[in-house]
Amino acid sequence: MTLLSARALHKNYGRGEALVRAVDEVDLEVETGETVAIMGPSGCGKSTLLHLLGGLDRPDSGTISLAGKHVDKLGERGLARLRREAVGFVFQSFHLMDELTTVENVELPALLAGRSPRAARRRALELLSRTGLSDRAKFLPSALSGGQRQRVAVARALANDPLVVLADEPTGNLDSSATLEVLRLFDDLHEAGQTLVIVTHDSRIAATADRMITMRDGSFVDETWLSGGTMGSLSKLAGLEG
Amino acid sequence: MQQEVILAMLAKEPSHGYELRARLRAALGPVGEDLNAGQVYVTLTRLEKAGLVAGTAEPGQTRPDRKVYELTPAGQQRVAAWLAEVSWPKPDLTEFHLKLIAAFAGRLADPLAIVDAQRRELLRRLRDAQRAALGEPDDSDAALLLEGIVLRLQADLRWLEACERTWTNRRSRS
Amino acid sequence: MGRLALVARLVARDLRNRPAEAVLLLLAITAAATSLTLGLVLHGVTSGPYQRTSAATAGPDIVADVGPGPNPNQHAVPANLTPLTKTPGVTASSGPFPVLGLTLHANGYTVPAMAEGRDPAPSAVDRPLLTAGSWVKPGSVVLERSFASALGVRPGQTITLNGRGYLVSGIAVSAALPPYPLVCAVGCDFVASEPPGQPGLIWMTRTDLLALPGARADASWYLNLRLSDPASAGAYANAYDSTHPNWSAPSLTSWQYIASAAGRGVSTEQEVLLIGSSLLGLLAIASVAVLAGGRMAGQVRRVGLLKAAGATPGLVALVLLAEHLLVAVVAAGLGLVFGWLAAPLLASPGAGLLGSADPASLTLQNAGLVVVVALAVALLATVVPAIRGARTSTVSALDNAARAPKRRALVTKLSRRMPVSLLLGMRIAARRPRRTVLGLASVTVTVAGVVTVLMAHARFDTRAASSGTLPNPVNNDVIQVTTVITIALIVLAAVNALLLTYATVLDARRPSALSRALGATAGQVSAGLAAAQMLPALAGAIIGTPLGFLLYASIKHGSTMTYPPVWWLACVVLGTPLVVGALTVIPSRVASRAEIAPVLQSGAA
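Here we take up the pairing of strand E10 (residues 219-225) of chain A. All names here are of chain A. For strand E9 (residues 211-216) and E10, the ladder comprises six bridges, and the chain directions are antiparallel. Across the sheet, the residue bridging to methionine 212 is threonine 224, located in E10. Linking E9 to E10, which pair antiparallel, is a turn of two residues; within it aspartate 217 sits at a positive phi near 50°.

In structure tokens:
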């Protein structure tokens, strides 16, 4: 069932000579429970696309609908509600509040949505245990490693049980072992049926997806289904056979 | 390896043995400096014997480097199959590299399409290997081996991206 | 020389690139300098008017009077005054002059008056100085100046004294008695039948006075004396009075006593002015601190840039210092000019005394003091970022990791239970506690000042109402001064509030964008930014109001405290945060509607 669908999206920056078509005639459909990876060189517009999908920015033209509701037509309050209830965002630079502990960071979206402090705290602790960070609940972000911080950010994105989680270069600032942590988390989320749209240039992250889209100069140029397809034998990969 | 490469190079047009050698060396650069002259001619002779190329000697010449070679229909078929092949891993990257060059020079296929196809295949394999790696306990021997496979695939994928960039530029220039 | 040129060039470029901040700094230091100048000039003015009046009118060193006795047939005996003129040390005398209490009708007012019978010819001692019209003639009277201005009477008008009509021929000032409404500080004898209120002094011809019915019986007689040693007047008068307690003996009043009585009207003003200008100065310094703090993050980064371009820490500090000192010097100059111009508007040392804001009182000393203070303020604003910048490594300075806010556990816990806007507001305020405290202090100072000033205002108002129908010129002056100071305080506080909002909004850009990305509406964020200002304003109003009472109690000279009604206080306490909120509405709204994505893209982790 289609959860997120975008048609003929356009977003331009600048004018005249300096006009940049960040998103140029993009169509996208994401099914419930699907993980979609969008890859492309830097500056190709994938982050802009994600911002449009998440209601952080408005398209110049085109439609976006989430769970049947049109997003592109929403006013400021509607968009805020969207960000609160339907969409969870994960940023490349984590964007955790430095002056709040882990659990306070995670419960913030719930508090902003008007839930009672107790309910928000309970949900936050639940999410932290799901992401394996329960013992870090009272830590400040400065006391966490990069991978842990991003996991906290993912937990925060899940605070209000969003329909779709949008991740913008989630491992961009992480080293390889931290990348593994986050990778594992995304895999778990996928198993649990969470719909994910991940923008990345890391092929490892992309490989967790069901579907991979290549973007270049603002438009989609290629689409690959990663589930199914030819299954090479692992031994051949390892060079055991000739 | 070399067999298919030479076949592909003949796809553009028939050429002399020495011409083929020159083009190969140009395509390989420093990597090709060690290329044995004899290798090319030996391969040509073998291909001729296998019926994949047909060599026409200039009047009064029998030496391989002076013969003009061209593809036979069987050879053409072989080239087509080779271009579509996506098996991996290759012991080195040279074959893939020359495949792209040959495809472009002989207008046999779009190098970008070849790159994309290979990328897709590698991504699927990466997914499989990664899945398997995640399924193993963290410190196990299996996990370590699989991690190695994953990292290599990742490295190859990065190179394929570079190929894509380069060939895109070339195409837009030509 | 090359170094100086380099510094000059860097300073010029810097000021050109960021003119707005330089202008704001200039405004703040100018405000501080202006209020300091005002305070210094007015301080000079309000001391000494009595001396000026006395010198201009040949004022007496001693005024001796004899009055009627307690029994109706005990009349005053002017002859008892004559021996005093022969006392050793007396150099001149005038009088004795008859003085009588009368009822005056003029311009619809019915008020008591004290009439002194004088000769048309000028006296040796106490020659009232005419500020309008001409001296007494038969059938005409001269009014003391502050009495005349309270009544609204001008030369040429007719007034009635005890039913008889007289022409007002002139208006004068004198040092022999304190001006209206302080005449009775020296001593009045009044009949019970006279209208209530403070009497004013008028002069008429001796003949006219003595011709009034009952004059001879009820009159007192006044003698003015000049001494060879004026400073001894006080001791002499006290000694004489203590050895002559009899009702028929003269009672002596020294010029020091009269001066202090006359000055009492002035001193209240003076104190109000002093407090007012100190508060203004404090507020202005607070604005500078806010600005300096707001610039600091920017300064550190610029320091980093300069260092990266190869400047040594010494050069960097020099550039910053030069910039700020330049602004400070200009601001000091402006402040001196404004203060000097504004002082005459505020200073009126009692209409009954001569005096005006004397330009000469802006002495070189005072001017120097103002410049030094301005420079010191600018120096303080520079020193911290200069040192910090010089010490910080170039990389981290460029990194512009503005001091990361510290965890505030208590505020975070409390804010969780609040509605979203309040939650955001509390947390934003807690990010920069020093700035929040500065806002609180600014409001506290303003509210305390306004409360003090308004209580003084109310008291003077009620006093005017109760003393009958005649307005009190001293009260009017005080009211005028207090109004000006109140307005100045409020304006400066408003500027402060705007500056603080600007600084807060800038600093809170990332948390604002992030909150919106997590689902807060723009309205909630804007309300939060406003709340971050309004909460300290509320606290400031709550603290400032009793502080204002305390301040007022310290200047009221022992009269009872009349507290304003509760609803009035409630207005101040509730109205202040509302006003601050109104001021911050626009920047908050603008900030809350900024594009989210760009802010988050550029932000640090």
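Now that the structure is up, let's keep going.
Moving on, we get to the interface of chain C and chain A. Contact residues are listed per partner, giving 33 residues for chain C and 31 residues for chain A. Here chain C meets chain A over a buried area of about 2800 Å², counting both sides, of which 58% is carbon and sulfur. On the surface where chain C and chain A come into contact, there are five salt bridges. As a salt-bridge pair, arginine 516 of chain C and glutamate 76 of chain A come within 3.5 Å of each other at their nearest N and O atoms. Counting across the interface, chain C meets chain A through eleven residue pairs in polar contact (both at pLDDT 80 or more). Mapped onto the side of chain C that touches chain A, the elements with two or more residues apiece are helix H13 (409-416), helix H14 (420-431), helix H17 (509-517), helix H18 (522-555) and helix H20 (596-602) of chain C. Counting residues per element, the side of chain C that touches chain A draws most heavily on H17 of chain C, which supplies six residues. Residues that form the side of chain C that touches chain A fall into these classes: 15 nonpolar, seven polar and eleven charged.

Here the focus is the packing of aromatic side chains. Per the stated rule, a full pass over the model turns up five aromatic pairs over all chains. Ring centres 5.2 Å apart and planes at 65° place the aromatic pair phenylalanine 104 of chain B and tryptophan 167 of chain B in the edge-to-face group. With a gap of 63 residues between them, phenylalanine 104 of chain B in helix H5 (residues 94-105) and tryptophan 167 of chain B in helix H7 (residues 141-173) connect regions that are remote in the sequence. Under the relative-accessibility criterion, tryptophan 167 of chain B is labelled buried at 7%. Plain terms: the ring middles of tryptophan 135 of chain C and tryptophan 203 of chain C are 5.8 Å apart, the flat faces sit at 50° to each other, and that makes the pair tilted.

The next thing to look at is the sheet that holds strand E2 (residues 53-56) of chain B. Residues and elements named next belong to chain B. The antiparallel open sheet is built from three strands, whose spatial order is E1-E3-E2. In this open sheet, the two edge strands, each paired with only one partner strand, are strand E1 (15-16) and E2. Pairing analysis gives four bridges linking E2 to strand E3 (residues 68-71), with the strands arranged antiparallel. From the neighbouring strand, valine 53 faces E3, where its bridge partner is leucine 71.

Analysis parameters
Residues numbered from 1 in each chain as written. Chains lettered and ligands numbered in written order. Predicted model: local features only at pLDDT ≥ 70, side-chain atom pairs only at ≥ 80, totals over all residues. Heavy atoms only, no water. Pairing = 2+ DSSP bridges. Helix = DSSP H or I, 4+ residues; strand = E, 2+ residues; numbered from the N terminus. Contact = heavy atoms within 4.5 Å. Buried area = accessible area lost by both parts, 1.4 Å probe. Salt bridge = Lys/Arg side-chain N within 4 Å of Asp/Glu carboxyl O. Polar contact = N/O pair within 3.5 Å; in protein donor to acceptor, adjacent residues only side chain to side chain. Nonpolar A, V, L, I, M, F, W, Y, C, P; charged D, E, K, R; others polar. Phe/Tyr/Trp six-rings, centres within 6.5 Å; stacked < 30°, edge-to-face > 60°. Buried < 20%, exposed > 50% of the residue type's maximum accessible area, 1.4 Å probe, protein only.

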